[in-house]
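# Breakdown of the fold
Next come the chains, spelled out residue by residue.
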Amino acid sequence: MRARTPGTSTWPTTPAELAEWERIDQLLPAAAPGTVYDPDTDDVVQAELAAEAAAAAAREAELREAQRIAARADELQALRELGTLEQTEPREGDEAARDELTRRAGGYIQADVDTWLAHALAAHLGHYRDPAAREAAAGLLPQPVRAHAALLTELARLVPAASVDRPAFAARLATTDPEATADLAAFLTCATEPADPVISPSATSQAPRRDL
């Protein structure tokens, strides 16, 4: 409770209330005679109320987000139990649901969920069709999942006829050594890119001249 103005029946009981009491007491001499203190016109009070309202709204938003993540984690767990997770396309926020499932498992890696997200990221499924979502995944997914997706992308480019989810060894590589897996994906990208044609000086010197 905020301290009331002097002369009321409620007296300050905490240092904060006492400081507020003193602040209000300093305002009164500058006010016109007969002025009654009104907290609705006190800028300091209104600023504090606005800050409290904003903090309450932020807490409410965090609670709703936590509830949404928990509900999505429950949904993904049900799909796992039904064996239909691989047929499901991910949607925005599933990275957080993955983290929630990992937390529920005591921190143990959820290999099937990680593989599912890696395949979706590599094949641009679900919300990963959006380039912005794929870019955001760099900060939302752990390195093994990102490395797995990168390797799947390169393997699918090298062998277009193969399904992006066929190479099971890619998941094992990414889990065992994600940095090496990412390096391998980068190497495959560079090694298979067409090189720029280089014209040797000797070739240009041997070219026949034409008199104009």
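What you see is a predicted model; the values in this text were computed from it and never measured.

Before going further, it helps to examine the side chain of R98. Mapped onto the secondary structure, R98 falls in helix α3 (residues 94-104). Under the relative-accessibility criterion, R98 is labelled buried at 8%. Setting aside chain neighbours within four positions, we find R98 in contact with V113, D114, L117, L141, P142 and V145.

Since the α-helix turns once every 3.6 residues, residues separated by three or four places project in the same direction. Looking at α3, one finds that the buried residues are D94, E95, A97, R98, E100, L101 and T102. Structurally, α3 contributes buried residues whose contacts are with α2 (43-82), α4 (111-123), α5 (131-140) and α6 (143-158). A positive backbone phi angle near 75 degrees is found at G106, which sits one or two residues after α3.

At a minimum axis separation of 8 Å, α4 and α6 run at an interaxial angle of 45 degrees. Taken together, α4 and α6 sit at an angle that is classed as oblique. Note on packing geometry: the crossing formed by α4 with α6 is right-handed. Contacts between α4 and α6 involve D114, T115, L117, A118, H119, L121 and A122 on the former and, on the latter, V145, H148, A149, L152 and T153.

A word on the pattern of salt bridges. Across all of its chains, the model carries 13 salt bridges by this definition. In this structure, R103 and E100 form a salt bridge, with 2.6 Å as the shortest nitrogen-oxygen distance. Of the two residues, R103 and E100 are both situated in helix α3; the distance of three residues between them amounts to about one turn of the helix. Note that E100 is salt-bridged to R104, the shortest N-O span being 3.0 Å. Taken together, the residues E100 and R104, both in helix α3 and four residues apart, mark about one turn of the helix. Residue R104 is classed as partly exposed on the basis of its relative accessible area of 38%.

This brings us to helix α1 (residues 15-27). Its 13 residues place the ends of α1 19 Å apart at the C-alpha level, agreeing with the 18 Å of an ideal helix rising 1.5 Å per residue. Within α1, the full set of buried residues consists of E17, E20, W21, R23 and I24. For α1, the angular spread of buried residues about the axis comes to 165 degrees, placing them on one side. Pointing more than 90 degrees away from the buried face of α1 are the exposed residues P15 and Q26. Structurally, α1 contributes buried residues whose contacts are with α2.

Before going further, it helps to spend a moment on the confidence of the model for the protein. In the predicted model, the protein carries a mean pLDDT of 79, and the fraction of residues at 70 or more is 72%. Mean pLDDT in the protein bottoms out at helix α9 (residues 201-205), which sits at 47, and peaks at α3, which reaches 96. Confidence drops under a pLDDT of 50 for residues 1-9, and excluding neighbours within four residues, the segment shows 18 contacts in the predicted structure. Taken together, the stretch residues 197-212 has pLDDT below 50 and engages in one contact with residues farther than four places along the chain or on a different chain.

Moving on, we come to the packing of α3 against α4. At a closest axis distance of 10 Å, the pairing of α3 and α4 adopts a crossing angle of 165 degrees. With respect to each other, α3 and α4 are oriented roughly antiparallel. Of the two elements, α3 crosses α4, and the hand of that crossing is left-handed. Across the interface between the two elements, D94, R98 and L101 of α3 pack against V113, D114, W116 and L117 of α4. Residues that form the contact of α3 with α4 fall into these classes: four nonpolar, no polar and three charged.

Conventions adopted
- Residues numbered from 1 in each chain as written.
- Predicted model: local features only at pLDDT ≥ 70, side-chain atom pairs only at ≥ 80, totals over all residues.
- Heavy atoms only, no water.
- Helix = DSSP H or I, 4+ residues; strand = E, 2+ residues; numbered from the N terminus.
- Buried < 20%, exposed > 50% of the residue type's maximum accessible area, 1.4 Å probe, protein only.
- Contact = heavy atoms within 4.5 Å.
- Axes fitted to C-alpha atoms, helices over the stretch in contact; angles between N-to-C directions.
- Parallel < 35°, antiparallel > 145°, perpendicular 65-115°, else oblique.
- Left-handed = near helix turned anticlockwise from the far one by under 90°.
- Salt bridge = Lys/Arg side-chain N within 4 Å of Asp/Glu carboxyl O.
- Expected span 1.5 Å × (residues − 1).
- Arc of directions from axis to C-beta.
- pLDDT = per-residue confidence, 0-100.
- Nonpolar A, V, L, I, M, F, W, Y, C, P; charged D, E, K, R; others polar.

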